[in-house]
Amino acid sequence: MAWKFKIATLALAASASFGALAQEVTLRLHQFLPPQATIPAKAIAPWIKKIETESNGRIKIQMFSAMQLGGTPPQLFDQARDGVADITWTVLGYTPGRFMKTEVFELPFITGLSSEKSSRALFEYVQKNAMDEYKDVQLLTVHTHGPGLFHTKQPVTGLESLRGMKIRGGTRIVNNMLTKLGATPVGMPVPAVTEALSKGVLDGTTIPWEVGPSLKVQELVKHHTTFAGGNGLYVTTFALSMNKNAYNKLPADLKKVIDNNSGIETAAFFGKAMDEGDKVGRDLATKAGNKITELELAEVQRWRRTASTVESDWIKEVGAKGIDGARLVSEARALMSKYEK
């Protein structure tokens, strides 16, 4: 009888072990854009498919778009922290002053690189300098969008023409920059831009090309202003974050699937989707017959000089919190140069 008991015990243990190995999990991913927008459609959706395939279907991820799970875009990072959602994707600048080391990448004219390259630079920068800002979540990746520019109802042909215009800025750094440049900044999450432009609340907006199609910006404005010499007005930073408990509860092999789809290559993948979206957005503006103005280098230098106080303001502000802002700016620029090659 003893041997039968042992066999039964071993069988039960084997069954339990197999059950653990075969564990299936469904994760909820929450983000703020409509599902047809660039990142949800061209980055998050294929990222989900890759994870589901590599886990042999044992990880399933449901994407909830346009804040379907409730709350507002600025609350998304905390929704990942608190477990309202298992994974969230959001703009870090929607919570002003919270990711102060990371926001160095949002300073004016700090990069004109493609999103793929600047996203690699941002990920490496965060790993070296800012992981404490993400201690409450399992950070999957961070990335930027492509170079930001102006989309306006009236042409912006120089600093003087911008003055007094009501322009949407997505982060506090961009809003400070707009103030220095003479515009009237209006802060709002990007989904609100369409209605604000159509109702005259805004005279224009700062966004990269890729955002335009999902917001119908090329139909609501007729002018777009870019900068010569590989200069981008600004970039915005994003994070893909996971609830720590949701991650820690995964068996080791499923954690490995998540890990394999995190990090610098995932940052580059999201960035590449942004770059492809920029091409689509610019093409649509051209087909709509809109005017695209590229400011000449001499004018760009005027803009850079005028906006340079945004950087000094930021260095002073973070210095009061014990952060060496000048070192972080230098580090960010060095990484941009590294990935420019």
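Since the structure is predicted, the reported quantities are computational estimates derived from the model, not experimental observations.

Trainee: Honestly, the overall build of the protein chain in this entry has me stumped. Any pointers?
Mentor: When you go through the protein chain residue by residue, the secondary structure sums to 14 helices and 11 strands. On C-alpha atoms alone, the protein chain measures out to a radius of gyration of 23 Å, which is about the 20 Å that the 2.2 N^0.38 rule sets for 341 residues. For the protein chain, the spread of C-alpha atoms along the three principal axes comes to 95 × 45 × 35 Å. For the protein chain, the proportion of contacts with a sequence separation of at least 24, taken over those separated by at least 6, is 77%. Carbon together with sulfur atoms contributes 55% to the accessible area of the protein chain, which is approximately 14,800 Å² in total.

Trainee: Explain the confidence of the model for the protein chain to me, please; I cannot follow it from the model alone.
Mentor: In low-pLDDT regions, the fine details of the predicted coordinates are not to be read closely. Mean pLDDT for the protein chain: 93, with 94% of residues reaching 70 or above. Segment residues 7–20: pLDDT under 50, and 2 contacts once partners within four positions in sequence are set aside and those in other chains are kept.

Trainee: Would you explain the pattern of salt bridges in this entry?
Mentor: Between side chains of opposite charge, pairing is possible as soon as their charged atoms come close. Scanning the entire structure with this criterion turns up 17 salt bridges. A salt bridge links Asp253 to Arg58, with the nearest nitrogen and oxygen atoms 2.7 Å apart. Remark: Arg58 occurs in the loop between α2 (38–54) and β2 (59–64) and Asp253 occurs in helix α11 (residues 252–260); sequence separation between them is 195 residues. Arg58 gets classed as buried once you look at its relative accessible area, which sits at 14%.

Trainee: How should the sheet that holds strand β11 (residues 291–295) be read in this particular structure?
Mentor: Each strand in a sheet pairs with its neighbour through backbone hydrogen bonds, running either in the same direction (parallel) or in the opposite one (antiparallel). Within the open sheet, the 6 strands sit side by side as β7-β6-β8-β5-β9-β11. Their pairing is mixed. Across the chains shown, the open sheet's two edge strands, defined by having one partner strand only, are β7 (184–187) and β11. Ignoring strand direction, the axes of neighbouring strands in this sheet form an average angle of 25 degrees. Summarising the sheet, strand β6 (residues 166–169) and β7 pair through 4 bridges and their orientation is parallel. In the strand pairing of β7, Gly169 is matched with Gly187.

Trainee: What is the right way to read the nonpolar core from this model?
Mentor: Generally speaking, nonpolar side chains in soluble globular proteins are found buried as a group. Ranked by internal contacts, the top residues of the largest apolar core, which has 52 residues, are Val104, Tyr125, Tyr134, Leu162 and Trp303. For Leu162, the contacting residues outside a window of four places in its chain are Phe150, Val156, Ile167, Leu181, Gly182, Ala183 and Trp303. One finds Leu197, Val211, Leu215 and Leu250 within the second-largest nonpolar core, a separate group that totals 45 residues.

Trainee: Where do I start with the environment of Trp303 in this structure?
Mentor: Considering the arrangement of structural elements, one finds Trp303 in helix α13 (residues 297–319). Judged by its relative accessible area of 0%, Trp303 falls in the buried class. Placed 194 residues apart in sequence, Trp303 and Phe109 show a C-alpha to C-alpha distance of 9.2 Å. When neighbours within four sequence positions are excluded, Trp303 is seen to be in contact with Phe109, Phe150, Val156, Gly158, Leu159, Leu162, Leu181, Phe227 and Leu295.

Trainee: Teacher, can you tell me more about the packing of helix α6 (residues 172–181) against α13 here?
Mentor: Packed helices, taken two at a time, are described by the angle between their axes plus the distance between the axes. Direction vectors running N to C along α6 and α13 enclose 135 degrees, while the axes themselves pass 9 Å from each other. Overall, the two elements α6 and α13 adopt an arrangement that is oblique. The chirality of how α6 crosses α13 is right-handed. Of the residues in α13, those touching α6 at Arg172, Ile173, Asn176, Met177, Lys180 and Leu181 are Trp303, Thr306, Ala307, Thr309, Val310, Asp313, Trp314 and Glu317.

Criteria and thresholds
- Residues numbered from 1 in each chain as written.
- Predicted model: local features only at pLDDT ≥ 70, side-chain atom pairs only at ≥ 80, totals over all residues.
- Heavy atoms only, no water.
- Helix = DSSP H or I, 4+ residues; strand = E, 2+ residues; numbered from the N terminus.
- Rg over C-alpha atoms; globule rule 2.2 N^0.38 Å.
- Contact = heavy atoms within 4.5 Å.
- Areas by Shrake-Rupley, 256 points an atom, 1.4 Å probe, with all protein chains shown as cover.
- pLDDT = per-residue confidence, 0-100.
- Salt bridge = Lys/Arg side-chain N within 4 Å of Asp/Glu carboxyl O.
- Buried < 20%, exposed > 50% of the residue type's maximum accessible area, 1.4 Å probe, protein only.
- Pairing = 2+ DSSP bridges.
- Axes fitted to C-alpha atoms, helices over the stretch in contact; angles between N-to-C directions.
- Core = buried A, V, L, I, M, F, W, Y, C linked by side-chain atoms within 4.5 Å.
- Parallel < 35°, antiparallel > 145°, perpendicular 65-115°, else oblique.
- Left-handed = near helix turned anticlockwise from the far one by under 90°.

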